[in-house]
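One-letter residues, chain by chain:
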Amino acid sequence: MSTGKSVRKRSDDLRREYDFSALGRGVRGKYYRRATSGTNLVLIDPDLIRAFPTGKAVNDALRMLVNVASATPAAKRRSRRRAV
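Enquirer: Which residues make up the overall build of the chain, and what values go with them?
Expert: Each helix and strand in the chain was counted, giving 3 helices and 0 strands. Each helix and strand of the chain, placed in order from N terminus to C terminus, yields the pattern α-α-α. For the chain, the computed accessible surface area is about 9600 Å², with 55% contributed by carbon and sulfur atoms.

Enquirer: So what's going on with the environment of Ala57? Which residues, and what values?
Expert: Mapped onto the secondary structure, Ala57 falls in helix H2 (residues 55-71). With sequence-adjacent residues up to four places away left out, Ala57 is seen in contact with Ala51 and Phe52.

Enquirer: Let's hear about the confidence of the model for the chain: which residues, and what values?
Expert: Caution applies to low-pLDDT regions: their predicted coordinates should not be interpreted in detail. Taken as a whole, the chain shows an average pLDDT of 78; of its residues, 73% reach a score of 70 or greater. H2 holds the highest mean pLDDT among the elements of the chain, 93, whereas helix H3 (residues 74-77) holds the lowest, 62.

Enquirer: Please provide a residue-by-residue account of the pattern of salt bridges, values included.
Expert: In total, this model carries 2 salt bridges according to the counting rule given. The closest approach of N and O atoms between Asp60 and Arg63, which form a salt bridge, is 3.9 Å. Within this pair, Asp60 and its partner Arg63 are both found in helix H2, separated by 3 residues, close to a single helical turn. For Asp60, a relative accessible area of 35% corresponds to the partly exposed category. Its relative accessible area of 53% is what places Arg63 among the exposed residues. A network of salt bridges, in which partner residues are shared, links Lys56, Asp60 and Arg63.

Enquirer: Break down a nonpolar patch on the surface for me, citing the residues and quoting the values.
Expert: On the surface, a nonpolar cluster with roughly 470 Å² of combined accessible area is contributed by Leu14, Tyr18, Phe20 and Leu23. Along the chain, the position of Phe20 falls in the segment before helix H1 (32-35). Since its relative accessible area comes to 58%, Phe20 is described here as exposed.

Enquirer: Got a sec to walk through the environment of Ile44? Specific residues and values, please.
Expert: As for its placement among the helices and strands, Ile44 is situated in the loop between H1 and H2. Residues Ile44 and Val58, 14 residues apart in the sequence, show an inter-C-alpha distance of 9.5 Å. Apart from the residues within four sequence positions on either side, Ile44 is in contact with Ile49, Phe52 and Val58.

Calculation criteria
Residues numbered from 1 in each chain as written. Predicted model: local features only at pLDDT ≥ 70, side-chain atom pairs only at ≥ 80, totals over all residues. Heavy atoms only, no water. Helix = DSSP H or I, 4+ residues; strand = E, 2+ residues; numbered from the N terminus. Areas by Shrake-Rupley, 256 points an atom, 1.4 Å probe, with all protein chains shown as cover. Contact = heavy atoms within 4.5 Å. pLDDT = per-residue confidence, 0-100. Salt bridge = Lys/Arg side-chain N within 4 Å of Asp/Glu carboxyl O. Buried < 20%, exposed > 50% of the residue type's maximum accessible area, 1.4 Å probe, protein only. Patch = residues over 30% accessible without salt bridge, like charges linked within 9 Å, V, L, I, M, F, W, Y side chains within 5 Å.

Written as structure tokens, this is what we have:
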């Protein structure tokens, strides 16, 4: 536990090349448009990485799933309730 008397003034040990004050002020939202332009990130569980090693493999599988689902008649896709 330190008290006010025991606190020493520490010198700044940051290197000159890391002087962030020389950068000036940042621009808020500078990369917002680029970051939100059609990029979706999805975390794939480790057990699925072998089956889908690339983004192309994931997209191909999802397109196939969409095609199969749209080709299946709506009546078959509807879940059937058990009679109580």
